[in-house]
Amino acid sequence: MSNNKSNNSTINIKEIAQLVDEAAVNATAISQLSAQGYPLTLAQAYQVQEQSVANRLARGEQQVGIKMGFTSRAKMIQMGVDDMIWGPLTDAMFIEEGGETNWQEYVHPRVEPEIAFLLKKPLSGNVTLAEVMASVEAVAPALEIIDSRYDNFKFSLEDVVADNCSSSGFTLGAWQSAQTDIANLGMVMEFDGEAVEIGSSAAILGNPWRSLAAAARVAGEAGKILPAGSIVLAGASTAAYALKPGVHVRLTCEKLGIAEFTVK
Ligand code: OOG
Ligand code: MG
């Protein structure tokens with residue numbers, strides 16, 4: 001690489017975190033980090049993510065949970081990656097159910113249908129599915145807005161992890177009983193009443209509960225606990241779909257109901 005600013009031993013985590021964080025704040029795309037001379041390892045990418053989230057928290061944002069990414073084949077194939085990822089969600093990303101979000105805040109946003117969990121007990125480490133299920137207060141249909149800060153929405157696994165997994169916004173429908181069988185629910189995402197993505201919750205690791213178990217595991221591996229009250233997004237069940245100004249997006253999830261928002 002001609003403009004290698006750093007080799008792997010001298011990577012400046014703070015400097016790179018500032019790059020991705022500023023790209024998000026300014027809603028301006030940047031080149032992939034490897035193309036900027038920052039060939040990160042996956043571990044370094046998570047350090048960059050942690051630092052960029054620390055920048056957000058220093059500006060007054062609060063962490064409200066975490067999201068899982070690439071928990072379905074549909075997403076892995078769409079983005080050309082082959083491993084699960086995770087990253088923190090903050091209150092600044094939350095869009096009131098039925099509310100509006102501003103087109104100007106994004107670079108090239110996409111939206112995807114998800115399922116959310118609300119924890120009533122802390123989770124961390126290797127836990128059985130039964131333990132995971134006993135830790136949940138409620139489940140809800142959810143829409144996640146992802147907005148990669150990289151040109152053309154193209155990235156490596158390390159790039160997207162460093163960019164806090166493209167996290168940008170999310171909305172939650174009404175919370176439903178955690179006893180609801182969510183293993184195989186039909187999910188239809190509509191743009192202005194027209195179906196654009198149709199899938200099943202089973203696409204999420206065969207059963208979305210597995211994604212929550214994976215969230216507990218990765219949190220544990222990172223030396224963290226998901227506290228009671230955390231929201232966990234299980235990951236998209238279908239490919240993501242490009243948003244446009246003015247569009248009304250609605251997810252209808254069998255048994256769980258709807259989640260919706262409008263782009264201003
Ligand atoms: C990364 C985020 C992946 C999911 O649900 O799979 C994700 C991206 O696709 O930009 O949120
Ligand atoms: Mg997602």
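Here the structure is shown first, and the text comes after it.
This text gives an overview of the structure that appears in the document. (Residues numbered from 1 in each chain as written. Chains lettered and ligands numbered in written order. Predicted model: local features only at pLDDT ≥ 70, side-chain atom pairs only at ≥ 80, totals over all residues. Heavy atoms only, no water.)

### Considerations on empty space enclosed by the protein
To find leftover empty space, one rolls a probe the size of a water molecule over the atoms.
At step 1: Considering all chains together, one arrives at two cavities of 30 Å³ or more under this definition.
At step 2: Its volume calculated, the largest cavity comes out at about 110 Å³.
At step 3: Taken together, 18 residues form the lining of the largest cavity, with Lys67, Phe70, Lys75, Glu112 and Cys165 sitting closest to its centre.
At step 4: Elements represented by at least two residues in the lining of the largest cavity include exactly strand 1 (63-69), helix 3 (73-79), strand 4 (110-119) and strand 5 (136-146). (1 Å grid on protein atoms, 1.4 Å probe; cavity = no way out; pocket = protein on both sides within 12 Å on 5 of 7 lines; lining within 4 Å. Points joined across faces, edges and corners; volume = space filled by probe spheres on them. Helix = DSSP H or I, 4+ residues; strand = E, 2+ residues; numbered from the N terminus.)

### With respect to the nonpolar core
At step 1: Ranked by size, the top nonpolar core spans 71 residues in total, and within it Phe70, Phe117, Leu212, Leu243, Val249 and Phe261 carry the most contacts.
At step 2: Looking at this core element by element, the count peaks at eight residues for helix 6 (residues 208-221).
At step 3: Residues within four places of Leu243 in sequence aside, it is in contact with Trp103, Pro109, Arg110, Val111, Ile145, Phe191, Val249, Phe261 and Val263. (Core = buried A, V, L, I, M, F, W, Y, C linked by side-chain atoms within 4.5 Å. Buried < 20%, exposed > 50% of the residue type's maximum accessible area, 1.4 Å probe, protein only. Contact = heavy atoms within 4.5 Å.)

### Points about the coordination of the magnesium ion (ligand 2)
At step 1: Taken together, the protein donors to the magnesium ion (ligand 2) comprise Glu112 (OE), Glu114 (OE) and Glu144 (OE), at separations of 2.0 to 2.1 Å.
At step 2: Positions of the donor residues of the magnesium ion (ligand 2) along the chain correspond to the pattern E-x1-E-x29-E. Taken as a pair, Glu112 in strand 4 and Glu144 in strand 5 lie far apart in primary sequence, 32 residues in all. Summarising the burial analysis for this pair, Glu112 and Glu144 share the class buried. (Donors = N, O, S within 2.8 Å, 3.2 Å for Na, K, Ca; no water.)

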